[in-house]
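These are the residues of each chain, in order.
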Amino acid sequence: MINVLICGINGKMGKNILSLIQEDGETYAVCGVDVTAATEKLPPVYAAFGDVKEKPDVIIDFSSPAVLKDELGWAVKHNCPVVLAATGYSKEDLSLINGAAEKIAVFKTANFSLGVNLLVKLVKQAAEALGENFDIEIIERHHNRKTDAPSGTALMLAESAASAFDGGKEYLYGRSGNVGKRGSEIGLHAVRGGTIVGEHDVMFAGEDEIITLSHSARSKRVFAAGAVKAAKWLAGKPAGLYDMTDVLENL
């Protein structure tokens, strides 16, 4: 049995994680950390990592970058692997993550959906095949409560496409005004509205033809399920920075 600490357990994704773990025969939610702590709950929920009494085998974090420093400090001290599922990390946050990965196993990806990670591979293959003759535009759509833009998944798709070109590609975030002729960039566009879970389109526009690769998530449980799968895979792994491609290789 793998004991899991859920960071952000009282949020929507945290509740999905808890529900899936309770249905899973291989994992157990030993405790949670959330700013809205509720110690009377089972499992126990703490307001800060410094209050945690249990000894989890792995952390799943679907909260926000605000808790990252304390979380990684606690994880390194207790030699506990971490699955990072938040987005919107700053350069300083990424530096902290890379530093922690030298001491413990850290799993970080912008999207835990199996379908999205397959899409990332397809985008690179398409970019390699189509080359400079096709313009690349990425459109992502999310619910009206999402705070960061473009989404981490959109950036992951852009990086995949850019890796097919020597020297990469510059990113252009939206367009406004008299922007002139389109260059060799990858365009990224964010839409926010309603309760959209997550939709991503990668458009390759060439002369007289358009190819679009798309993914649409219909429930947040798909991300929660991927995070639980990642946690089970990560437990017991040596120090290092891992992502969904490592899990896909072992499917």
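Worth saying up front: this structure is predicted, and the values here are computed from it rather than measured. (Residues numbered from 1 in each chain as written. Predicted model: local features only at pLDDT ≥ 70, side-chain atom pairs only at ≥ 80, totals over all residues. Heavy atoms only, no water.)

**As for the packing of aromatic side chains**
To describe a pair of aromatic rings, one takes the distance between the centres and the angle between the planes.
Right, on to step 1. This structure, assessed with the given rule, holds six aromatic pairs.
Right, on to step 2. Here the aromatic rings of phenylalanine 62 and phenylalanine 112 are separated by 6.0 Å at their centres, their planes lie at 50°, and the arrangement is tilted. Here phenylalanine 62, found in the loop between β4 (58-61) and α2 (68-77), pairs with phenylalanine 112, found in the loop between β6 (105-108) and α4 (114-130); they are 50 residues apart in sequence, far enough to count as distant.
Right, on to step 3. When the centroid spacing of 5.6 Å and the interplanar angle of 25° are considered together, the rings of phenylalanine 107 and phenylalanine 112 count as stacked. Across this residue pair, the class does not change: phenylalanine 107 and phenylalanine 112 are buried.
Right, on to step 4. Members of the aromatic cluster, connected to one another through ring pairs, are Phe62, Phe107, Phe112, Trp233 and Tyr242.
Right, on to step 5. If you follow lysine 237 out to its NZ or CZ, it ends over the ring of tryptophan 233, 4.3 Å from the centre. (Phe/Tyr/Trp six-rings, centres within 6.5 Å; stacked < 30°, edge-to-face > 60°. Helix = DSSP H or I, 4+ residues; strand = E, 2+ residues; numbered from the N terminus. Buried < 20%, exposed > 50% of the residue type's maximum accessible area, 1.4 Å probe, protein only. Lys NZ or Arg CZ within 6 Å of the ring centre and 35° of its normal.)

**Examining helix α3 (residues 91-100)**
Right, on to step 1. Listed as buried for α3 are Asp93, Ile97 and Ala100. Along the axis of α3, the buried residues cluster in a sector spanning 65°; they form a single face. Summarising the geometry of α3, the exposed residues directed more than 90 degrees from the buried face are Lys91 and Glu92.
Right, on to step 2. At its buried positions, α3 is contacted by α2, β5 (82-84), β6 and β12 (240-242). (Arc of directions from axis to C-beta. Contact = heavy atoms within 4.5 Å.)

**Notes on the nonpolar core**
Right, on to step 1. Counting 32 residues, the largest nonpolar core has Ile17, Ile60, Phe62, Val83, Phe107 and Phe112 as the members making the most contacts within it.
Right, on to step 2. Sorting the residues of this core by element identifies β1 (2-7), α1 (12-23), β4, β6, α6 (221-234) and α7 (244-248) as the ones contributing at least two each.
Right, on to step 3. At eight residues, α6 tops the list of elements feeding residues into this core.
Right, on to step 4. Non-local contacts of phenylalanine 112, meaning those with residues more than four positions away in its chain, are made with Phe62, Val83, Leu84, Ala85, Phe107, Asn117, Val222, Phe223, Gly226, Ala227, Ala230 and Met244.
Right, on to step 5. Judged by nonpolar contacts, the second largest core, of 24 residues, contains Val33, Phe49, Leu72 and Trp74. (Core = buried A, V, L, I, M, F, W, Y, C linked by side-chain atoms within 4.5 Å.)

**Quick look at α1**
Right, on to step 1. The end-to-end C-alpha distance of α1 is 17 Å, a good match for the 16 Å that twelve residues give at a rise of 1.5 Å each.
Right, on to step 2. If you check which residues of α1 are buried, you get Met13, Gly14, Asn16, Ile17, Leu18, Leu20 and Ile21.
Right, on to step 3. The inward-facing, buried residues of α1 abut β1, β2 (27-33), β4 and α6. (Expected span 1.5 Å × (residues − 1).)

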